[in-house]
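Letter by letter, the chains look like this.
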Amino acid sequence: EQASELLNDTPPSTPLVIHLFSNGGCFLLQEIEVLLSENPMLAERLKFGYQFFDSCPCYIRSAWDFDNLSQSFPNPDWPAPGRFVYALGASWSLTLWTMCTLAIHKPQCFWNSMRDSQVCMNQVYVYSTCDMLSDAAAVDRLIAYRREHYFVNANIQVHRYDDSNHCRLHVDHPYEYRGI
């Protein structure tokens, strides 16, 4: 509602930019996309605006999801067996979380919405292989999928780092971050 009020007083060429910070922002994006269908002006502004994915989206791996498990969390400082054990532990804890919250289908629904959304053709992904909460390998696959299936002519920018923890890119790379 606030974005709609602010954009009402701007030229129609003023874009809507959504900055998503970690999965908290991405979970909200699902809800925002539903609201966009009810507000044509915001939907139109986002079509030529941007979605800025900062340390996200985080792939929520379930315990029975073995696809690409050995490539998960490609932190260059961790040996492959350590990354594999970490990914297994994360998947079991996330599975327990989804079972306790009765949201067993939430991870797949969430990832499908991140993968298949077509509300914005300009996206920026800023993430790090050292982020042990957001699996950089999953983000790599997401970007490749979106480029291949939806965004052949879209503007997808990728800023992939190998030295920052979760949600620290603005601190560890302030000059580059401001220029994105």
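It should be emphasised that the depicted structure is a prediction, and the values quoted were computed from it without experimental measurement.

(A) View of the environment of S13. When you line up the elements, S13 lands in the loop between α1 (2–8) and β1 (17–21). You can call S13 exposed: its relative accessible area is 55%.

(B) Broad picture of helix α5 (residues 106–116). Among the residues making up α5, those that are buried are P107, F110, W111 and M114. For α5, the buried positions fall inside an angular range of 95° around the axis, keeping them on one side. Looking at the buried positions of α5, the neighbouring elements they touch are α2 (22–36), β2 (50–54), α4 (80–100) and α6 (136–149).

(C) Looking closely at the packing of aromatic side chains. Enumeration according to the criterion identifies six aromatic pairs in this entry. Residues F27 and F110 carry aromatic rings whose centres are separated by 4.8 Å and whose planes lie at 70° to one another, so their mutual orientation is edge-to-face. With F27 in helix α2 and F110 in helix α5, this residue pair connects regions lying 83 residues apart in the sequence. Between W78 and Y86, the aromatic rings sit 5.3 Å apart at their centres with planes inclined by 85°, giving edge-to-face as the arrangement. Since its relative accessible area comes to 31%, W78 is described here as partly exposed. Under the relative-accessibility criterion, Y86 is labelled partly exposed at 27%. Among the aromatic residues, those joined into a cluster by ring pairs are F73, W78 and Y86. Lying across the ring of F27, K106 places its NZ or CZ 5.2 Å from the centre.

How each quantity is defined
- Within each chain, residue numbers correspond to sequence positions counted from 1 in written order.
- Per-residue local features are limited, in this predicted model, to residues with pLDDT of at least 70; the limit for side-chain atom pairs, both in listing and counting, is 80 or more; totals at the level of whole chains, interfaces and linings are taken over all residues.
- The side-chain numbers reported here are obtained from all heavy atoms of the structure, hydrogens and water having been left aside.
- Secondary structure elements are taken from DSSP: a helix is a run of H or I of four residues or more, a strand is a run of E of two residues or more, and numbering for both begins at the N terminus.
- Partly exposed describes any residue whose relative accessible area lies between the buried limit of under 20% and the exposed limit of over 50%, with all areas from a 1.4 Å probe on protein chains only and scaled to the type maximum.
- Our arc is simply the arc of the directions from the helix axis toward the C-beta atoms.
- Contacts are assigned to residue pairs with any non-hydrogen atoms lying within 4.5 Å of each other.
- Under the pairing criterion, centres of Phe, Tyr and Trp rings, with the six-membered ring standing for Trp, must be within 6.5 Å; the plane angle then separates stacked pairs below 30 degrees from edge-to-face pairs above 60, leaving the rest tilted.
- Two limits define a charge over a ring: the Lys NZ or Arg CZ must be within 6 Å of the ring centre, and within 35 degrees of the ring normal.

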